[in-house]
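Structure at a glance
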Amino acid sequence: PGLTPMHATMGTAILGIAMAICLFFGGSAGLIAGALFFQAASIFDGVDGEIARATFRTSAKGAMLDSLTDAATNLAFIAGVTFNLWQQGNLVAATFGVAGLTMLAAGLFLIGRRARARDDSFTFDAIKHHFRARQSRVMKWLTWLAMRDFFAAAGAVLILVGLAPHALIGFTVFVTGWFLVTLTVLWSQTGGHGTRSTE
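About the thresholds
- Residues numbered from 1 in each chain as written.
- Predicted model: local features only at pLDDT ≥ 70, side-chain atom pairs only at ≥ 80, totals over all residues.
- Heavy atoms only, no water.
- Helix = DSSP H or I, 4+ residues; strand = E, 2+ residues; numbered from the N terminus.
- Buried < 20%, exposed > 50% of the residue type's maximum accessible area, 1.4 Å probe, protein only.
- Contact = heavy atoms within 4.5 Å.
- Areas by Shrake-Rupley, 256 points an atom, 1.4 Å probe, with all protein chains shown as cover.
- Axes fitted to C-alpha atoms, helices over the stretch in contact; angles between N-to-C directions.
- Parallel < 35°, antiparallel > 145°, perpendicular 65-115°, else oblique.
- Nonpolar A, V, L, I, M, F, W, Y, C, P; charged D, E, K, R; others polar.
- Left-handed = near helix turned anticlockwise from the far one by under 90°.

In terms of regular secondary structure, the chain is built from 8 helices and 0 strands. Along the chain direction, N to C, the helices and strands of the chain fall in the order α-α-α-α-α-α-α-α. Considering the chain as a whole, with its 199 residues, one finds that 40% of them fall into the buried category. Sequence separation of at least 24 residues holds for 75% of the intrachain contacts in the chain that already meet a minimum separation of 6. Total accessible area on the chain is roughly 11100 Å²; 70% of this is exposed by carbon and sulfur atoms.

The subject of this paragraph is the environment of Ile51. You can see Ile51 is positioned in helix H2 (residues 27-54). Given the relative accessible area of 14%, Ile51 is considered buried. With 47 residues separating them in the primary sequence, Ile51 and Thr4 have C-alpha atoms 6.9 Å apart.

A few words on the packing of helix H1 (residues 5-25) against helix H3 (residues 60-87). One can describe the packing of H1 onto H3 by two numbers: an axis separation of 8 Å at closest approach and a directional angle of 10 degrees. Looking at the two axes, H1 sits roughly parallel to H3. Residues Met6, Thr9, Thr12, Ala13, Gly16, Met19, Cys22, Leu23 and Phe24 of H1 touch H3, and the partners they reach there are Leu65, Asp66, Thr69, Thr73, Ala76, Phe77, Ala79, Gly80, Val81, Phe83, Asn84 and Gln87. Within the contact of H1 with H3, the residues separate by chemical class into 12 nonpolar, 8 polar and 1 charged.

Now for the packing of H3 against helix H8 (residues 164-189). In the contact formed by H3 and H8, the axes pass within 11 Å of each other and the chain directions differ by 135 degrees. The angle between H3 and H8 falls in the class oblique. Judged by the twist between their axes, the crossing of H3 over H8 is left-handed. Taking contact as the criterion, the partners of Ile78, Val81, Thr82 and Leu85 in H3 are, on H8, Ala164, Pro165, Leu168 and Phe171. A per-class count over the contact of H3 with H8 returns 7 nonpolar, 1 polar and no charged.

What follows is the structure, encoded as structure tokens:
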């Protein structure tokens, strides 16, 4: 009874902080530890929502804090991997990482700003929900591939087998497509002129 959704959100945040410390200060061993902490944070992330639903304590504030924690952890992971590889002298991968981090941050900012402007729940799920409404198998697969669960697991596996630069470059290629899709969806939802669409 004493365990609240906020406790679980704090647990995810603590795992994210441990991840960032490993990535920024742990060298090559920290890269592996950081990837494992990121995977742990991704798994643990679902706990707060499950607790909230099971105990009838869902709230807009809780959803917002969960989304902000997720976004901060995602950004810190990419920033940490980029910095770690830069420290190891891999400038090509680090350059890709900076580009991917910039697009991810910009896309999340635009999605968050749209949610606030429309007085919706402040989450970063607008694009995911947009494509979930499309029932094609391709859209379902693309939506699944863009989820953090897949992203964290794939990143951890690639880093564990020594392919961290490839993981970062692959992420940047993927996030470039995600960013363009995000811009397109947000533009279409405003009718292309900054007002909310009636659809």
